[in-house]
Amino acid sequence: MARRYEPSEIEPRWVRVWEEEDLYRASDDPGDDRPTFYALDMFPYPSGDLHMGHAEAFSGGDVIARYQWMRGHNVLHPIGWDAFGLNAENAAIKRGTPPAEWTYANIEQQAASFRRMGMSFDWARLVRTCDPEYYRWTQWLFLRLFERGLAYRKSAPVNWCPKDQTVLANEQVIAGKCERCGTMVERRELTQWFFRVTEYAQRLLDDVDLLTDWPERVVTMQRNWIGRSEGAEVTFTIEETGEEVPVFTTRPDTLWGVTFFVFSVDHPAVQRLAELGGTWDDVAPLLQRAAATSLVEREAADTKEGVFLGVHVVNPVNGERVPCYAAPYVLMGYGTGAIMAVPAHDQRDFEFARAHDVPVRVVIQPEGAEMLDGDTMTEAYAGEGVMVNSGPFDGRPTPASIAEVTAWLASNERGKAAVNFRLRDWLISRQRYWGAPIPIVHCPNCGEVAVSDDQLPVRLPDDADFQPGGESPLARHPTWKHVACPDCGGEAERDTDTMDTFVDSSWYFFRYCSPGYEGGPFRREDIDRWMPASQYTGGVEHAILHLLYCRFFTKALYDMDLVGFTEPFPKLMNQGQVIYDGASMSKTKGNIVEPMPLVERWGADTMRLMMLFAGPFEDDIDWKLIAPDPDRKPGVTAWLGRVVAAVAQAAQRGAGADEDEELVRLTHKTIKGVTEDLDRFRFNTAISKLMVLTNEIRTTLDEGDGALEASRALVQMLAPFAPFAAEELWRVELGESASVHLSAWPSFDPALVVEETVTLVVQVNGKVRDKVEVPADVSEADALVAARASAGARRSLEGREVVKEIVRAPKLVNFVVKG
Ligand SMILES: [Zn+2]
Ligand SMILES: [Zn+2]
C-alpha cells in the first residue's frame with residue numbers, strides 16, 4: 001500500500017528528535033576545519049505571535065542555513081528578539097501588566113512557533129535585548145562612544161501631547177495628532193542624547209562602494225539618506241548688527257540673484273532679530289504655530305508662509321541689502337538653518353517670493369531659448385545656461401561656472417568650497433520606560449559622569465508607573481534616580497532617558513558570536529571566526545536606518561580596535577512582503593492572515609513551500625492569489641504527497657532495480673540546476689525543478705524500473721525547503737541513521753548534464769535544404785525557429801509564400817511553399 005503523507009504526525013516528532021540531537025549547534029572548536037558560514041536573519045520584534053512576514057523571511061533564511069550546512073559549512077544560524085520598545089509599553093498601559101511580562105510571553109510564543117516551523121536555529125545563542133545581561137553591554141558600548149565624544153547632549157525638539165502630558169515618538173503622531181487621544185501635538189525643546197553619526201558621514205558614503213552584493217535600491221537609499229552635496233559656504237552679514245551668518249549653497253553661480261534671505265523658525269537668532277527689527281508682534285504667532293506643528297508635518301511646510309523680520313543682510317558678492325524673513329519651509333536640520341533665496345532659480349523660493357511680493361531676478365539665461373523675465377515667469381528655472389546680471393561672471397556658462405565662482409569667493413574671502421550632508425546626528429534619547437537606561441549620572445558639581453563599567457547594568461526598576469503624564473516613568477519613580485555621584489560621592493541623579501531600540505539592534509549580531517560572555521560585549525576571536533556575516537536576510541523597511549546604524553557601530557568599533565572590519569554585512573537580501581488582495585495586511589483593513597493556524601492545518605513544510613514557491617523571494621506575495629480558498633488543500637501539499645509515495649515505492653524496489661538512463665540524466669541536470677538556483681536564492685525555480693524530477697521518478701516507477709538514486713537526490717534537495725518530509729523519507733524510507741540535514745549535498749557528473757543534440761533536417765517541398773543541430777528535447781516552436789533561421793531555408797524561401805509547416809521535432813521540419 002502506498003505510503004500516505006501525514007504532516008501532523010511527522011512534524012512534531014522530528015522537532016523533538018532534532019532538539020535531542022542538538023542538530024544545529026554552531027561549533028566554536030578551533031579544531032573544526034570546516035569553513036564557517038554566518039546565516040543572519042533580521043531578528044523579530046515580539047509583538048504577538050509570528051505573522052506572515054516572519055513566516056516568509058525566516059523560511060528563506062532557513063533554506064540558506066540548511067543548504068550551507070549540507071555544503072559542508074560550520075553554520076551559525078542564531079535567533080533573538082528585539083525586545084525593548086514602545087509596543088510593550090503601550091500594551092502595559094492598556095492591560096496594566098508590566099512590559100516585561102507581555103514581552104517575555106510573546107517571545108515564548110514566537111519561539112514555540114519557530115520550533116514548530118522547523119527553523120534550524122542554534123537556540124543556545126539566544127539574545128533578548130531586554131535581558132539585563134544584554135543591555136549591560138548596550139550600556140557599555142554607549143560609554144565607549146561617550147568617552148570618544150561620539151555620544152553627547154544637546155537641545156532638540158520633541159513631539160508633546162498637551163493632554164497626556166507626555167512625549168510622543170514620531171510614529172505616535174498621526175496627521176499631527178496624538179495617536180492615543182487625538183489632541184493636536186505640540187513641539188517642545190528638551191536636552192537629549194545624540195550619537196555623532198555625522199562624524200562618519202563620509203566613510204559611510206565611501207564604503208557603500210564595498211557593498212556590491214546589496215540590492216541596488218538599498219544602496220541608493222543609503223546614498224540618498226547620507227545625502228552628500230558639494231557647493232560653497234558663503235558668509236552674509238546682518239546689516240543692523242554686523243554679525244556674520246554663513247549659508248550653504250550648491251549653486252554659488254546664482255549668488256547675484258539673491259533677493260531675500262530666510263531663517264528657519266527654529267533658528268536661535270530669530271526672536272532677537274525680530275525684536276531688533278520691531279516685528280516681534282508679527283513673528284511670535286508664526287513661531288507659536290510652528291511649535292504646535294509636529295516634526296512630521298514640518299517636512300511638508302507651506303512655502304508661502306513666513307514673516308519679515310525687519311532686518312536685512314548684505315550680499316557679499318555685490319554689497320546689496322536684502323530683507324530677512326523667518327519661514328517654516330527652511331528646516332533647522334539642513335545646512336546652517338538659514339538660506340540665501342534665489343527665486344528665479346529655486347521653485348520654493350519662487351513660490352515664497354510671489355506670495356510676499358519680493359523681486360525675482362534672473363541670473364541664468366537658458367541658451368537658445370526665449371529670454372526669461374523675472375516679472376513674468378511663472379515658475380523657477382533650475383536648468384543650465386549662461387550667467388547674466390552677475391558682475392565679473394557675465395557670459396560664463398553654468399554649471400562650469402560653479403567652480404569658478406567658488407574659487408573667486410575663496411580668494412576674496414567671502415566664502416569657501418564646502419560639503420554638506422543630509423545625514424543628521426542620531427537622536428537616541430527616549431522619555432520612556434521600556435528601553436536600556438542611559439548609564440550617566442548628573443552631578444551638580446561634576447556634570448555628566450559615566451557609571452563605571454563594574455556597576456553595569458543600570459537596571460530598570462520593576463515597579464515603575466507607566467501611565468502617561470508629566471515626566472517619564474523613570475523620572476517619576478520615587479527612588480530610582482537618586483544616587484551618589486561616582487566621582488565626588490555627592491548627591492546626584494541618574495539620567496532618566498532610555499535608549500532608542502535601534503541602539504539595541506545595532507550590535508546584536510556581534511553578541512550572537514559570543515553568547516553568555518561576561519568579559520565584554522563579545523570576544524574578539526569569536527568575531528574573527530564568524531564575522532562579517534556571510535548573508536543578511538530581512539525586510540526592505542530596514543533599508544535605511546537599521547543598516548546605517550549597524551554600519552556606524554561597526555566603524556566605531558573598528559576605530560576602537562574591537563573588530564577588524566568596517567562593514568558588518570557584505571551580502572544583503574530583502575524578501576518581499578506578504579500582502580492580501582494587493583494591499584498590505586493590517587488590523588484596520590481586517591485582512592490579516594495568521595500563519596500558525598495554517599501550519600497546524602497543512603503542516604510547516606507546506607507553509608514554507610507556499611512562501612518559497614510563490615515567486616522570486618524578493619517580490620511581494622499576494623496571499624489571496626496563493627491561497628484563494630482556505631478550505632482547499634494547497635498544490636504543494638499534493639506534491640509532497642506524491643514525493644512521499646514515490647520515494648517510499650522506490651525504496652521498496654531497492655537498489656537492485658535498473659535505473660533508467662533518462663532519469664539518471666535528469667537527476668544530474670536537476671542537481672546542477674537546483675545548486676545554481678540556491679546559490680542565487682532562486683527558491684521558486686529550484687522547487688519547480690524538483691517537481692519535474694518527481695514526475696520523472698513517478699513515470700519510471702510506473703514503467704517498472706528502479707529510481708533509488710534519483711529519490712535519494714530528490715530527498716536531499718528537498719531538505720532545505722521541506723525539512724520534515726525530507727527527514728522522514730531519508731531516515732524512515734531510505735533507512736539512513738543520521739539526519740538528512742547533515743548529509744553532504746549531492747554532486748553531479750558533468751558528463752551527464754551535457755545536453756544531447758540531434759540533427760534536424762530542414763526541407764522545402766520535401767527536398768533537403770539544410771541540417772542543423774538542436775537539443776534532443778527541443779520544442780516544436782523552437783525547432784521551427786531553428787529551421788527558419790538556417791541558411792538553406794532562408795535561401796530557398798526567399799520571395800516564396802509558405803502555405804504549410806510540417807514539424808516533427810526534433811528531427812524534421814518541412815516547409816510547403818507555392819510555386
Ligand atoms: Zn494625547
Ligand atoms: Zn560629583
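Please read these numbers as outputs of a predicted model, since none were measured by experiment. (Residues numbered from 1 in each chain as written. Chains lettered and ligands numbered in written order. Predicted model: local features only at pLDDT ≥ 70, side-chain atom pairs only at ≥ 80, totals over all residues. Heavy atoms only, no water.)

With respect to the pattern of salt bridges
A side chain with one charge may pair with a side chain of the opposite charge, provided their charged atoms come close.
Then comes step 1: Across all of its chains, the model carries 51 salt bridges by this definition.
Then comes step 2: For arginine 25, the salt bridge is made with aspartate 122, and the minimal N-O distance between the two is 3.7 Å. One end of the pair, arginine 25, is in the loop between helix 1 (7-21) and strand 1 (36-41); the other, aspartate 122, is in the loop between helix 4 (99-116) and strand 4 (127-128), and 97 residues separate them in sequence.
Then comes step 3: You can call arginine 25 partly exposed: its relative accessible area is 43%.
Then comes step 4: The partner of arginine 712 in a salt bridge is glutamate 736, and the shortest N-O contact between them spans 2.7 Å. On the criterion of sequence distance, the pair formed by arginine 712 in helix 24 (residues 708-718) and glutamate 736 in the loop between helix 25 (723-733) and helix 26 (750-753) is long-range, its members being 24 residues apart.
Then comes step 5: Its relative accessible area of 24% is what places arginine 712 among the partly exposed residues.
Then comes step 6: Given the relative accessible area of 27%, glutamate 736 is considered partly exposed. (Salt bridge = Lys/Arg side-chain N within 4 Å of Asp/Glu carboxyl O. Helix = DSSP H or I, 4+ residues; strand = E, 2+ residues; numbered from the N terminus. Buried < 20%, exposed > 50% of the residue type's maximum accessible area, 1.4 Å probe, protein only.)

Let's talk about empty space enclosed by the protein
Then comes step 1: Inspection of the entire model under this criterion finds 2 cavities of 30 Å³ or more.
Then comes step 2: In this structure, the largest cavity occupies an estimated 80 Å³ of space.
Then comes step 3: Lining of the largest cavity is provided by 15 residues; of these, Thr166, Arg432, Phe466, Pro468 and Pro473 occupy positions nearest its centre.
Then comes step 4: At the level of elements, helix 3 (86-95) and helix 13 (473-476) are the ones that each hand at least two residues to the lining of the largest cavity.
Then comes step 5: When its residues are assigned to classes, the lining of the largest cavity shows 4 nonpolar, 6 polar and 5 charged.
Then comes step 6: The space that makes up the second largest cavity amounts to roughly 30 Å³.
Then comes step 7: Phe248, Tyr334, Gly335, Thr336, Gly337, Ala338 and Ile339 are the residues that line the second largest cavity.
Then comes step 8: Split into classes, the residues belonging to the lining of the second largest cavity amount to 4 nonpolar, 3 polar and no charged. (1 Å grid on protein atoms, 1.4 Å probe; cavity = no way out; pocket = protein on both sides within 12 Å on 5 of 7 lines; lining within 4 Å. Points joined across faces, edges and corners; volume = space filled by probe spheres on them. Nonpolar A, V, L, I, M, F, W, Y, C, P; charged D, E, K, R; others polar.)

Quick word on the coordination of the zinc ion (ligand 2)
Then comes step 1: Around the zinc ion (ligand 2), the protein contributes the donor atoms Cys443 (SG), Cys446 (SG), Cys485 (SG) and Cys488 (SG), which lie 2.2 to 2.3 Å from the metal centre.
Then comes step 2: Written as a sequence motif, the donor arrangement for the zinc ion (ligand 2) is C-x2-C-x38-C-x2-C. With a gap of 39 residues between them, cysteine 446 in the loop between strand 22 (440-443) and strand 23 (447-450) and cysteine 485 in the loop between strand 24 (482-484) and strand 25 (491-494) connect regions that are remote in the sequence.
Then comes step 3: Residue classification places cysteine 485 among the buried positions, given a relative accessible area of 3%. (Donors = N, O, S within 2.8 Å, 3.2 Å for Na, K, Ca; no water.)

Quick look at the side chain of histidine 345
Then comes step 1: Tracing the sequence through the fold places histidine 345 in the loop between strand 15 (338-341) and helix 11 (347-356).
Then comes step 2: For histidine 345, a relative accessible area of 7% puts it in the buried group.
Then comes step 3: Sequence-distant contacts of histidine 345, that is, excluding residues within four places in its chain, are made with Thr254, Arg361, Val362, Val363, Ile364, Ala380, Tyr381 and Ala382. (Contact = heavy atoms within 4.5 Å.)

Let's talk about the packing of aromatic side chains
Then comes step 1: Taken as a whole and assessed by the stated rule, the structure comprises 49 aromatic pairs.
Then comes step 2: Here the aromatic rings of phenylalanine 142 and tryptophan 193 are separated by 5.3 Å at their centres, their planes lie at 80°, and the arrangement is edge-to-face. Of this pair, phenylalanine 142 sits in helix 5 (residues 132-147) while tryptophan 193 sits in strand 9 (residues 186-195), and the two are 51 residues apart along the sequence. The pair formed by phenylalanine 142 and tryptophan 193 is uniform in burial state, with each residue classed as buried.
Then comes step 3: Where phenylalanine 509 meets phenylalanine 569, the ring centres are 4.8 Å apart and the plane angle is 70°; that geometry is what we call edge-to-face. Taken together, the residues span a long stretch of sequence, with phenylalanine 509 in helix 15 (residues 508-511) and phenylalanine 569 in the loop between helix 17 (545-559) and strand 28 (572-575) at a distance of 60 residues. Grouping residues by exposure puts phenylalanine 509 and phenylalanine 569 together as buried.
Then comes step 4: In this structure an aromatic cluster arises from ring pairing among Phe142, Phe146, Trp193, Phe195, Tyr200, Trp426, Phe502, Tyr549, Phe552 and Phe553.
Then comes step 5: Directly above the aromatic system of phenylalanine 194 lies the positively charged group of lysine 154, at a separation of 4.7 Å from the ring centroid.
Then comes step 6: Geometry around tyrosine 152 places arginine 196 over its ring, the cationic atom sitting 4.0 Å from the centre. (Phe/Tyr/Trp six-rings, centres within 6.5 Å; stacked < 30°, edge-to-face > 60°. Lys NZ or Arg CZ within 6 Å of the ring centre and 35° of its normal.)

As for the packing of helix 22 (residues 661-679) against helix 23 (residues 683-702)
Then comes step 1: It is at 9 Å that the axes of helix 22 and helix 23 come closest, and there the two elements cross at 170°. On the basis of the axis angle, helix 22 is roughly antiparallel to helix 23. For the element pair helix 22 and helix 23, the recorded crossing hand is left-handed. Along the contact surface, helix 22 presents Glu662, Leu663, Leu666, Thr667, Thr670, Gly673, Val674, Asp677 and Leu678, while helix 23 presents Phe683, Thr685, Ala686, Lys689, Leu690, Val692, Leu693, Glu696, Ile697 and Thr700.
Then comes step 2: Split into classes, the residues belonging to the contact of helix 22 with helix 23 amount to 10 nonpolar, 5 polar and 4 charged. (Axes fitted to C-alpha atoms, helices over the stretch in contact; angles between N-to-C directions. Parallel < 35°, antiparallel > 145°, perpendicular 65-115°, else oblique. Left-handed = near helix turned anticlockwise from the far one by under 90°.)

Observations concerning the sheet that holds strand 5 (residues 151-161)
Then comes step 1: The antiparallel open sheet is built from 4 strands, whose spatial order is 6-5-9-20. In the strand order of this sheet, the two ends are held by strand 6 (166-168) and strand 20 (426-427), each with one partner. (Pairing = 2+ DSSP bridges.)

Observations concerning helix 9 (residues 280-291)
Then comes step 1: The end-to-end C-alpha separation of helix 9 is 16 Å, in line with the 16 Å expected for 12 residues at 1.5 Å each.
Then comes step 2: Among all positions of helix 9, only Val283, Ala284, Leu286, Leu287 and Ala290 are buried. In an axial view of helix 9, the angular spread of the buried residues amounts to 165°, which keeps them on one side of the axis. Away from its buried face by more than 90 degrees, helix 9 exposes Asp281, Asp282 and Gln288.
Then comes step 3: As for helix 9, its buried residues are in contact with strand 9, helix 8 (270-277), strand 13 (307-314) and strand 14 (321-327). (Expected span 1.5 Å × (residues − 1). Arc of directions from axis to C-beta.)

Re the nonpolar core
Then comes step 1: With 179 residues, the main nonpolar core has Tyr38, Phe142, Phe195, Tyr508, Phe510, Trp623 and Phe721 as its most contacted residues.
Then comes step 2: Of all the elements, helix 2 (residues 52-70) adds the most residues to this core, at 10 residues.
Then comes step 3: For tyrosine 38, the contacting residues outside a window of four places in its chain are Leu76, Pro78, Phe509, Tyr512, Cys513, Trp530, Met531, Ala533, Ser534 and Gln535.
Then comes step 4: Counting 37 residues, the second-largest nonpolar core is a separate cluster that includes Phe261, Val265, Ala338 and Leu409. (Core = buried A, V, L, I, M, F, W, Y, C linked by side-chain atoms within 4.5 Å.)

Some points on the sheet that holds strand 24
Then comes step 1: Ordered in space as 23-22-25-24, the 4 strands form an open sheet in which the pairing is antiparallel. What marks the edges here is a single partner per strand, and that holds for strand 23 and strand 24. Each adjacent strand pair in this sheet contributes to an overall mean axis angle of 40°, direction not counted.
Then comes step 2: As paired strands, strand 22 and strand 25 are joined by 2 bridges and run antiparallel to one another. Opposite histidine 442, over in strand 25, you have glutamate 493 as the bridge partner.

Some points on helix 22
Then comes step 1: Across its 19 residues, helix 22 extends 27 Å between first and last C-alpha, which sits within 8% of the 27 Å expected from 1.5 Å per residue.
Then comes step 2: For helix 22, every residue scored as buried is listed here: Leu663, Leu666, Thr667, His668, Thr670, Ile671, Gly673, Val674, Thr675, Asp677 and Leu678.
Then comes step 3: The N-cap residue of helix 22 is aspartate 660: its side-chain oxygen and the backbone nitrogen of glutamate 662 are 3.0 Å apart.
Then comes step 4: At the exit of helix 22 stands phenylalanine 681, carrying a positive phi of roughly 60°. (Polar contact = N/O pair within 3.5 Å; in protein donor to acceptor, adjacent residues only side chain to side chain.)

Overview of the layout of surface pockets
Then comes step 1: In this structure, the second largest pocket spans a volume of roughly 450 Å³.
Then comes step 2: Elements with a contribution of two residues or more to the lining of the second largest pocket: strand 5, strand 6, strand 9 and strand 25.
Then comes step 3: Sort the elements by how many residues they give to the lining of the second largest pocket and strand 9 lands first, with 4 residues.
Then comes step 4: Residues that form the lining of the second largest pocket fall into these classes: 5 nonpolar, 7 polar and 9 charged.

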